[in-house]
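Residues per chain, in single letters:
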Amino acid sequence: MKSLLFSGLLLLLCVAILIGCQKGDDAKPAENTLTNFMSTENTVVPGVRTSGPWELGVVFSSSVAGKITQVGSKMPEPGTYRIIIWDFDTKQVLRQKTIEQTAPDKLTLDNVESLALTANKKYVISVNSQSGGTNKKYGFAYKTGGSEFMPFTKGSILVYNACYRNTATALFPDVVTNVKTELYGFPEFTFIPD
């Protein structure tokens, strides 16, 4: 009887372990949309500009509910850069983080308090091109011939267009219409679908 009871408990334990392992298999992969786009889109040409200060960003939405867990920058020069996630409709700051980028053109991500995104709602992520009171170079990308390449979708994220504003202070990058031929600044975020 003890042997049968022990075998039954062992069988239940094995089933519980297998079920627990299968739940982890359903985890959705983290997405870094802009980095993924720039590394796979061979018709887009990168460049660098020297002017500013600029609040540079992109307007985006997610096709599914999920959360942003990290923000970052990939600027041409090392520096301390301000990254902001904005509500597109209210123009309110949802998350703000200062990123210390120690190497040129190196994507530097840092954790933020998790930000739940509503599916199909527009948001903006931006990076300011000024660091320590000095205007820094910023990256941009365009298609040869100046043709539009936005909107585009990578993973769960739809990027509508780029946006910008000439400012060193934390102001919403309000030039958002007809900016579909160039990406600016390369702010980045990590999105995890629910």
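Further up the page is the structure itself.
Notes on the structure follow.

Criteria and cut-off values
Residues numbered from 1 in each chain as written. Predicted model: local features only at pLDDT ≥ 70, side-chain atom pairs only at ≥ 80, totals over all residues. Heavy atoms only, no water. Pairing = 2+ DSSP bridges. Helix = DSSP H or I, 4+ residues; strand = E, 2+ residues; numbered from the N terminus. Axes fitted to C-alpha atoms, helices over the stretch in contact; angles between N-to-C directions. Core = buried A, V, L, I, M, F, W, Y, C linked by side-chain atoms within 4.5 Å. Buried < 20%, exposed > 50% of the residue type's maximum accessible area, 1.4 Å probe, protein only. Contact = heavy atoms within 4.5 Å. Salt bridge = Lys/Arg side-chain N within 4 Å of Asp/Glu carboxyl O.

1. Here we look at the sheet that holds strand S5 (residues 93–101)
To summarise the sheet geometry, strands pair through backbone hydrogen bonds and adopt either a parallel or an antiparallel arrangement. Read across the sheet, six strands follow the order S5-S4-S7-S2-S12-S11 without closing on themselves; strand pairing throughout is antiparallel. The open sheet has two edge strands with one neighbour each: S5 and strand S11 (152–154). Direction aside, neighbouring strands of the sheet carry axes that sit 30° apart on average. The pairing of S11 with strand S12 (residues 157–165) spans three bridges and is classified as antiparallel. Within S12, the residue paired with Lys 154 across the bridge is Ile 157.

2. Concerning the nonpolar core
Counting residues in hydrophobic clusters, the biggest one holds 35 residues, and the most contacted among them are Phe 60, Ile 68, Val 71 and Leu 183. Discounting chain neighbours no more than four positions away, the residues touching Phe 60 are Ile 68, Leu 117, Lys 121, Lys 122, Tyr 123, Val 124, Ile 125, Ile 157, Leu 158, Val 159, Tyr 160 and Phe 189. One finds Val 59, Ile 84, Phe 88 and Val 176 within the second-largest nonpolar core, a separate group that totals eight residues.

3. Some thoughts on the pattern of salt bridges
Pairing between side chains becomes possible if they bear opposite charge and their charged atoms approach one another. Tallying each qualifying case throughout the model produces seven salt bridges. We note a salt bridge from Glu 182 to Arg 49, for which the minimum N-O separation is 2.9 Å. In this pair, Glu 182 is assigned in strand S13 (residues 182–184) and Arg 49 in strand S1 (residues 44–49), connecting sequence segments 133 residues apart. For Arg 95, the salt bridge identified is with Glu 113, shortest N-O distance 3.7 Å. Pair noted here: Arg 95 is in strand S5 and Glu 113 is in strand S6 (residues 108–117), with a separation of 18 residues, a long-range link. Judged by its relative accessible area of 61%, Glu 113 falls in the exposed class.

Coordinates in, geometry out; function isn't part of it.
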